[in-house]
Amino acid sequence: MNQNQSLQEVIRFISAKLNISEVEVAPFIEFPPEKSMGEYAFPCFILAKKLKTSPQKIAESLAEGFFPTEFLKEVKVVGGYLNFFVQRENYIKDILSSVLKEGGAFGKSDEGKGKMVVIDYSSPNIAKPFSIGHLRSTIIGQALANLFRSASYKVVGINHIGDWGTQFGKQIVALKKFGSVEDLKNAKDPIVYLFDLYVKFHKEAEKNPSLEDEAREMFAKTERGDKEATELRDLLVDYSLKAFNKTYKRLGIEFTHTRGESYYADKVEPAFKKIEKLTEVRESEGALVIDLDSYGLTPLLLKKRDGTTLYATRDLTALFDRFEEFNFNQMLYVVGQEQTLHFNQLFSALEKMKIQWVNRCHHIPFGMIRFKDKKMSTREGNVIFLEQVLDEAKKRAKDAIEKKNPELKDKDEVAEAVGTGAVIFNDLSQRMIKDVIFDWDQMLNFEGDTGPYLQYTCARISSIIKKSGSNIKEIDWSRIQDDESFQIVRALEQIPIAISNATKAYEPSILCSALLFVASAFNTFYHKHRVIQEDKNVESARLALLKAVLYSLKNGLQILNIKAPEEM
RNA sequence: GCGCCCGUAGCUCAGGCGGAUAGAGCAACAGAUUUCUAAUCUGUGGGUCAGAGGUUCGAGUCCUCUCGGGCGCGCCA
């Protein structure tokens, strides 16, 4: 990460005084919570024990050795902290000119240069519509992919479509029993047609459990390469992908690979043989399992009584295949937290097989979207479809436009961008491990800390820049020394740090907070100061400030996969 | 029964590698638009950080237990 010069001076100062390397000092530098406390702080508590003096005394003795520099004006001792105050003009100039210079690349880094990360995300099951539940893996996975790309990682994004397994057998049985290929082809919405069949299957199966056996048998046929079953699978995959792609397009989701589980079909047996060689696979109640007692886990099931494979077998197969193909440094599974046990079992099994690269694999769990009083269940048919949500979002955004800016061109396009922006941001802005209670008004809120707030801020800035019509030539940085401009610059300073932390913690919400902080600082500035004015020196400097804000917001929104319309 | 996750303002959440007076948004109330987009801004009220112990100079943050909610625990994925 490129630190700005003020921060570098702080680190250099502490490092020299305490005779500790700069790399060791850097992580201890904090950003004080209050404006009055300066811009950087060094907490001396950690040293108190080692030096056998009070933190206060340590801070005082450090302060004694301080002399003002180009970027640091003064230090103050507050409690056990040594607080640094920057030389405002140089600080502003340093940060803003580097943001403007980097432009569209502001916030990017080369931390991950030469490294490869594979991200498995979205991964819906075929023949079922996208429910709101699928939103999270899709949105979070794409944001992580973008974050890693912005840090110069090579990213492979795989959509691991669920087109294999018993659940898939159920769909074929349902189609054959309660519907027909003919009806499917003529259906207005093939996915809804298939979904209804799927719900019916589970209703019928409650009365008649033998249906489940039929589904298993159907899957067994598929796994043996049965022609009819395979053709039906391909047909269902085809219809499903068409529907999925429509939604992906709306959300701006792009995978580098779309590979169903069926992609690994002919690799499963070789992988299974390999597993048997690496560790003990034993029979248990007719099934084949790997014992994981030593890891405190229940056994991992690899094959069912009838010899067909399970989720875990196919996941292991895919994992071996991916490592061979991509030789990844990290493999991320963006999958709901309800599957934590599965991944613990999977990774423990790999450890038992003495596979070294298991520590490169991570499950990135997230909470589920559910109703207040009950679980969403595709089987029972009580779900909210993602398309429904996006349509409603667009409708509400359009209403807002009609009210606020009826002259706007491209209303539909903007409404789509704002609607989906609200949905995406709402999902990404809280820590992903938390469950989300589905609520229309909260999810589609356009005011306050929301996606549309960021978009609105961008549009507002774009409008001012356009109206000013003036080009920035020489910038006299001394013209933007006011508190509000200064606070914007402080917020901008946090953006690259937030991007880096969000990437390391696999947590897009960190970036969301930093962007809101910038936008809020700008809007405060906006209400207090005019940009376009007589004094062209001030105008130029302020325009430069606005451009920097716009770059940071646009780049951030791009990472989150949210569009920033010029007008709204 | 066992395991994992969560519990912070009326609501939704930041603060989760211990550190300064626990912060935002929504809702409520009071204000701001002859001026660059009011999807905005300014202000007010609102908290035993679920509870009890413990570790520490210092705990919302770490440990233990209790309570509440969610999820998972063999032939689904």
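As the structure is a computational prediction, the values presented were derived from the model and not from experiment. (Residues numbered from 1 in each chain as written. Chains lettered and ligands numbered in written order. Predicted model: local features only at pLDDT ≥ 70, side-chain atom pairs only at ≥ 80, totals over all residues. Heavy atoms only, no water.)

Caption draft 1: Expanded view of the packing of helix 18 (residues 451–468) against helix 20 (residues 509–528). In contact at an axis separation of 10 Å, helix 18 and helix 20 are set at 45° when each is read in the N-to-C sense. Overall, the two elements helix 18 and helix 20 adopt an arrangement that is oblique. Here helix 18 and helix 20 pass one another in a crossing that is left-handed. Contacts from Tyr-453, Leu-454, Thr-457, Arg-460, Ile-461 and Ile-464 of helix 18 reach helix 20 at Leu-515, Leu-516, Ala-519, Ser-520, Phe-522, Asn-523, Tyr-526 and His-527. Classifying every residue of the contact of helix 18 with helix 20 gives 9 nonpolar, 4 polar and 1 charged. (Axes fitted to C-alpha atoms, helices over the stretch in contact; angles between N-to-C directions. Helix = DSSP H or I, 4+ residues; strand = E, 2+ residues; numbered from the N terminus. Parallel < 35°, antiparallel > 145°, perpendicular 65-115°, else oblique. Left-handed = near helix turned anticlockwise from the far one by under 90°. Contact = heavy atoms within 4.5 Å. Nonpolar A, V, L, I, M, F, W, Y, C, P; charged D, E, K, R; others polar.)

Caption draft 2: Geometry of the nonpolar core. If you look at the biggest cluster of nonpolar residues, it comprises 137 residues, and the most contacted ones within it are Ile-14, Leu-82, Phe-84, Ile-119 and Ile-132. With 12 residues, helix 21 (residues 536–560) is the largest single contributor of residues to this core. The residue makeup of this core includes at least three contributed by each of domain 1 (5–86) and domain 2 (400–408 + 430–560). Discounting residues that sit within four places of it in the chain, Leu-82 has contacts with Phe-13, Ile-14, Tyr-40, Ala-41, Phe-42, Cys-44, Ala-59, Leu-62, Ala-63, Val-75, Lys-76 and Val-77. Ranked by size, the runner-up nonpolar core spans 33 residues in total, among them Met-116, Val-118, Ala-349 and Cys-361. (Core = buried A, V, L, I, M, F, W, Y, C linked by side-chain atoms within 4.5 Å. Buried < 20%, exposed > 50% of the residue type's maximum accessible area, 1.4 Å probe, protein only. Domains from an automatic or database assignment.)

Caption draft 3: View of the protein's contact with RNA strand B. Neighbouring RNA strand B are 64 residues; Tyr-81, Glu-285, Lys-304, Tyr-456 and Arg-530 lie closest to it. Restricting attention to atoms of RNA strand B within 4 Å of the protein, one finds that 63% of them are sugar or phosphate atoms. Tyr-453 places a polar side-chain atom, nitrogen or oxygen, 2.7 Å from a phosphate oxygen of RNA strand B. Elements with a minimum of two residues in the surface near RNA strand B: strand 3 (81–86), helix 7 (166–178), strand 8 (287–290), helix 13 (311–326), helix 15 (386–404), helix 18 and helix 20. Tallying contributions element by element places helix 18 first for the surface near RNA strand B, with 7 residues. (Near = heavy atom within 4 Å. Polar contact = N/O pair within 3.5 Å; in protein donor to acceptor, adjacent residues only side chain to side chain.)

Caption draft 4: Up close: the packing of aromatic side chains. Applying the stated criterion across every chain yields a total of 26 aromatic pairs. Ring geometry for Phe-13 and Phe-66: centres 5.5 Å apart, planes at 80°, overall edge-to-face. Here Phe-13 is found in helix 1 (residues 5–18), whereas its partner Phe-66 is found in the loop between helix 4 (55–64) and strand 2 (72–78), with 53 residues between them in sequence. Relative to Phe-255, the ring of Tyr-248 has its centre 4.9 Å away and its plane inclined at 80°; by these criteria the two rings are edge-to-face. Phe-255 shares its class with Tyr-248; the two are buried. Among the aromatic residues, ring-to-ring pairing joins Tyr-121, Phe-130, Phe-244, Tyr-248 and Phe-255 into one connected group. When the ring centre of Phe-320 is taken as reference, the NZ or CZ atom of Lys-274 above it lies at 4.1 Å. (Phe/Tyr/Trp six-rings, centres within 6.5 Å; stacked < 30°, edge-to-face > 60°. Lys NZ or Arg CZ within 6 Å of the ring centre and 35° of its normal.)

Caption draft 5: Region of interest: the confidence of the model for chain A. When pLDDT is averaged along chain A, the result is 93; 100% of the residues meet or exceed 70. Here the complex is predicted with pTM 0.95, and the ipTM for its interfaces comes to 0.96. (pLDDT = per-residue confidence, 0-100.)

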